[in-house]
Amino acid sequence: MKPTDISHPDYFHKVVDCQWACPAHTPVPEYIRLIAAGRYSDAYMVNWKSNVFPGILGRTCDRPCEPACRRGRVEEGNVEIRKPTTHEDGPRPEPVAICRLKRVAADNKDDITRHLPQAPKQKNGKRIACIGGGPASLTVARDLAPLGYDITIYEADPKAGGFMRSQVPRFRLPEAVIDEEVGYITGIGNIQVRTGERVDSLKKILAQNYDAVFVGTGAPRGRDLDVPGRAEAARNIHIGIDWLASVSFGHIEKIGRRVIVLGGGNTAMDCCRSAKRLGGEDVKVIVRSGYEEMKASPWEKEDATEEGIPILNYLVPKTVKVADGRLVGMSFEKVKAEYDSKGRRSLVPTGEPEKYFECDDVLVAIGQENAFPWIERDAGVDFDKWNMPVVDKVTFQSTNPKVFFGGDSAFGPKNIIWAVAHGHEAAVSIDKMLNGEELTDRPLPAVTVISQKMGIHEWSYDNDISATLRQKVPWQDQKLTLKNIKVEVELGFDAKAGYAEAQRCLNCDVQTVFTPRLCIECDACVDICPMDCITFTPNADEAALRTQLTAPSLHPDQGLYVSETLRMTGRIMAKDEDVCLHCGLCAERCPTGAWDMQKYLVQMTHAGSGCRKPQREAA
């Protein structure tokens, strides 16, 4: 293998698994260390720069960072680390509670308004329209307003926030948190939010001579149920996302005693838990797939089960039963999963008798679709065979060069953090377009590498690999939460638990950096490495080299750190980045200083002068 180019911005970025997995590339270890130091406002601002909504995401994020977390991965193979002390579910490997630590920063911060950017008094003369007031549009506004752009956000609902406000129940996300974090953006200046104003024509918007239009309208249409009896029972069969919005805005305050929720995603979990609080005594979720195949996040399923809501699987809706013009029940066919030689799944009937369940109301949460009736098909925006706009996956530009898409409206339903990431990228594209630059020339991230050495064998950070497992997030008493839909269920970590959880972070951004010319090949680093991830060996191609390591590399998705040929023996140093604990023992033990611990901070470049070509070349 060729020597690893550690100067490439993506190399060590990928080693910081949590940040690499985050769509907005939040510097996770950086803000976790700040929490451990009690610097909550600084930790909040590190988050705010990347993911825009730390308090909201600290409660609702889908957490793509946590499955990637090194802590859970290395604990699987290390019995000593797995010895439990405190854990919510028993002694099994668990990632750091990255998501809930965002909330620790949000809950404990001081007044951070003085740290927020402000729009310049002198505007730049460019006008941007954002259609929809959800997380993607708000991110675009947040990034462009400080640059002097005049932003107008069109929002059909009474308040901005999009599906964060309309479809996430208040027992998961209090309205005060939404008001606060949306207010941080609208308070920047140069942003006009026109609430209660539904856009019914893209051509009318374009006729107002905006310099660019961003579409962040989400996926506003829920899929319906198509079975016999559906039309006759229409009064008591509700589309899940519409029903949740009606609940959020106070239009619905009760539901029948017996409720069936159809669907296996996070919307279904929000529906069933909301129904439980609005009078549903017998609430059940019915899914056509198996429990493990449900699209809902594992913790969402667990939370519903914790509140006494059963989830029934492998049941396909067949008929809706109506008596005297009123919904009384539903019948389901029992199915099982079968797989063909290519692993493709199909659901086939088991032949068992149909299952019948009595009900007073049905909530349909079987998926969401985009709806663009307001975009005329002669407005210059092409649509594909699925009736989705044709959008460039890098620039987020449509076939009409002035129109950009992001969030669910671009590529279908995902979650808040993806909408934020899309908003950042679309803002870069809009800024580059209006400054006459090539949109595909994307800005490189800002990278700093700083040695943490304070003495010969002393570093500025502590990475004691403790055996403490994941902290339990406390819940409010169910006697209170199940009676009032506005009482928040999770209480969040207090400062003590937040500190303990922050200490579990392995500081993956503090990298082991090797200087070959200083190495005397004494193998001291090999002897002391607790994970056997360092090997001095003859060079070979990658496949062979992975088998030559002291501990063979099992996860080729993560790279090998390969040195230049060493002068004494002609061997190379190879380190498996996948299981390295970043503990620093190799650097502490090395007698010549060939190993160093260097903090590698990667920050994505957002819209502004940093993404312009001359500055990038100078950097």
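A. Representation of the overall build of the protein. The secondary structure content of the protein amounts to 23 helices and 24 strands. The C-alpha atoms of the protein give a radius of gyration of 27 Å, which matches the 25 Å a tight globule of 619 residues would have. Its C-alpha atoms put the protein at 90 × 65 × 50 Å along the principal axes. Burial statistics for the protein: of 619 residues in total, 56% are counted as buried. Partitioning the contacts of the protein with sequence separation of at least 6, the portion at a separation of at least 24 is 72%.

B. Examining the packing of aromatic side chains more closely. This model, assessed by the stated rule, comprises 12 aromatic pairs. Pairing Tyr154 with Tyr210 gives two aromatic rings, centres 6.5 Å apart and planes at 90°, and the pair type is edge-to-face. One end of the pair, Tyr154, is in strand S2 (residues 150-155); the other, Tyr210, is in the loop between helix H12 (202-206) and strand S4 (212-215), with 56 residues separating them in the sequence. For the pair Phe514 and Phe536, a centre-to-centre distance of 6.4 Å together with 65° between the ring planes defines the contact as edge-to-face. Of this pair, Phe514 sits in strand S20 (residues 510-514) while Phe536 is found in strand S21 (residues 534-537), placing the two residues 22 residues apart along the sequence. Summarising the burial analysis for this pair, Phe514 and Phe536 share the class buried. Every member of this aromatic cluster is reached through a ring pair, and the members are Tyr11, Phe12, Tyr561 and Tyr600. The positively charged end of Lys109 is found above the aromatic ring belonging to Tyr44, 4.9 Å away from the centroid.

C. Spatial organisation of the environment of Asp576. For Asp576, the position within the fold is in strand S23 (residues 572-576). Counting along the chain gives 11 residues from Asp576 to Thr565, while the straight-line C-alpha distance between them is 17 Å. Among all residues touching Asp576, those that are not within four sequence positions of it are Cys533, Leu549, Ser553, Gly559 and Leu560.

D. Focus on empty space enclosed by the protein. What the rule picks out here adds up to 5 cavities of 30 Å³ or more. Taken together, 14 residues line the largest cavity, and the ones lying closest to its centre are Cys18, Cys69, Cys505, Leu506 and Cys508. Residue composition of the lining of the largest cavity, grouped by class: 10 nonpolar, 1 polar and 3 charged.

E. Main features of the pattern of salt bridges. Under the defined criterion, the tally for this structure stands at 44 salt bridges. Between Lys336 and Glu338 there is a salt bridge, with its nearest N and O atoms 3.9 Å apart. Classification of Lys336 by relative accessible area gives partly exposed; the value is 41%. A relative accessible area of 38% places Glu338 in the partly exposed class.

F. Here's a closer look at helix H8 (residues 98-108). Along H8, 9 of the 11 residues are buried, which leaves the element largely enclosed by surrounding structure. When H8 is considered as a whole, its buried residues turn out to be Ile98, Cys99, Arg100, Leu101, Lys102, Arg103, Val104, Ala105 and Ala106. Contact partners of the buried residues in H8: helix H2 (17-21), helix H3 (28-36), helix H4 (40-51), helix H5 (54-60), helix H6 (65-68) and helix H19 (495-502).

G. Here's a closer look at the packing of H3 against H19. One can describe the packing of H3 onto H19 by two numbers: an axis separation of 9 Å at closest approach and a directional angle of 135°. By the angle between their directions, the pair H3 and H19 is classed as oblique. The hand of the H3/H19 crossing is left-handed. Between H3 and H19, the residues in contact are Ile32, Ile35 and Ala36 and Gly498, Tyr499 and Ala502, respectively. Split by residue class, the contact of H3 with H19 holds 5 nonpolar, 1 polar and no charged.

H. Representation of unusual backbone geometry in the model. Of note in this structure, Asp523 is not a glycine but carries a positive phi near 65°. Looking at the element boundaries, Asp523 is found in the loop between S20 and helix H20 (524-528). Taking relative accessible area as the criterion, Asp523 reaches 24% and is therefore assigned partly exposed. Unlike most non-glycine residues, His582 shows phi in positive territory, near 55°. By the secondary structure assignment, His582 is in the loop between S23 and helix H22 (585-589).

I. Here's a closer look at the environment of Leu363. Mapping Leu363 onto the fold places it in strand S14 (residues 361-364). Leu363 sits 153 residues away from Tyr210 along the chain, and the two C-alpha atoms are 40 Å apart. Setting aside residues no more than four positions away along its own chain, Leu363 makes contact with His238, Trp243, Ile255, Val259, Ile260, Val261, Leu262, Cys271 and Ala275.

J. Expanded view of the sheet that holds S14. What the 5 strands build is an open sheet, ordered S6-S14-S7-S8-S9; its pairing is parallel. Sheet topology places strand S6 (237-239) and strand S9 (311-312) at the edges, where each strand pairs with a single neighbour. Direction of pairing for strand S7 (residues 258-262) relative to S14: parallel, over a ladder of 4 bridges. The residue of S14 that forms the bridge with Val259 is Asp361.

K. Spotlight on the nonpolar core. Among the nonpolar cores identified, the biggest contains 97 residues, and Phe53, Ile151 and Val213 are the most heavily contacted of them. Setting aside its immediate chain neighbours within four residues, Ile151 contacts Ile128, Cys130, Ala141, Leu144, Ala145, Asn190, Ile191 and Gln192. Phe514, Cys525, Cys590 and Trp595 belong to the second largest nonpolar core, which has 33 residues in total.

L. Region of the structure containing the packing of H4 against H8. Relative orientation of the contacting elements H4 and H8 amounts to 120°, with a least axis distance of 8 Å. Classified by the angle their axes make, H4 and H8 are oblique. Along this stretch, H4 crosses H8, giving a crossing that reads as left-handed. For the pair H4 and H8, contact is made by Tyr40, Ala43, Tyr44, Asn47 and Asn51 and by Lys102, Val104, Ala105, Ala106 and Asn108, respectively. Residues belonging to the contact of H4 with H8 are distributed by class as follows: 6 nonpolar, 3 polar and 1 charged.

Calculation rules
- What you see as residue numbers is a count from 1 along each chain, following the sequence as written.
- Under the rules for a predicted model, residues below a pLDDT of 70 receive no local features and side-chain atom pairs below 80 are neither given nor counted, while totals for whole chains, interfaces and linings still include all residues.
- Calculated side-chain values reflect all of the structure's heavy atoms, with hydrogen atoms and water omitted.
- Runs of H or I in DSSP of at least four residues are treated as helices and runs of E of at least two as strands, each being numbered from the N terminus.
- Only C-alpha atoms enter the radius of gyration, while the globule expectation follows 2.2 Å times N to the 0.38, with N the number of residues.
- To sort residues, take the accessible area from a 1.4 Å probe on protein chains only and compare it with the maximum for the residue type: under 20% means buried, over 50% means exposed, and anything in between is partly exposed.
- What makes two residues a contact is simply this: any of their non-hydrogen atoms within 4.5 Å.
- Two aromatic rings from Phe, Tyr or Trp, using only the six-membered ring of Trp, form a pair when their centres are within 6.5 Å; if the ring planes differ by under 30 degrees the pair is stacked, by over 60 it is edge-to-face, and anything between is tilted.
- Any Lys NZ or Arg CZ found within 6 Å of a ring centre and within 35 degrees of that ring's normal is scored as a charge over the ring.
- Computed over the protein atoms alone on a 1 Å grid, cavities are sets of points where a 1.4 Å probe fits but cannot get out and pockets are open sets with protein on both sides within 12 Å along at least five of seven lines; a residue lines them when it has an atom within 4 Å of a point.
- Grid points are joined across faces, edges and corners, and a volume is the space filled by probe spheres set on the points.
- Under the scheme applied, nonpolar residues are Ala, Val, Leu, Ile, Met, Phe, Trp, Tyr, Cys and Pro; charged residues are Asp, Glu, Lys and Arg; polar residues are all the others, including Gly.
- By definition here, a salt bridge exists when the distance from a side-chain nitrogen of Lys or Arg to a carboxyl oxygen of Asp or Glu is within 4 Å.
- Axes here refer to lines fitted to C-alpha atoms; in helices the fit is confined to the stretch in contact. Angles between the N-to-C directions go from 0 to 180 degrees.
- Each angle gets one of four labels, with under 35 degrees taken as roughly parallel, over 145 as roughly antiparallel, 65 to 115 as roughly perpendicular, and the rest as oblique.
- In this scheme the crossing of two helices becomes right-handed for a clockwise turn of the near helix relative to the far one and left-handed for an anticlockwise turn of less than a right angle.
- Here, strands pair whenever DSSP counts at least two bridges between them.
- Take the buried residues of types Ala, Val, Leu, Ile, Met, Phe, Trp, Tyr and Cys, join any two whose side-chain atoms come within 4.5 Å, and each joined set is a nonpolar core.

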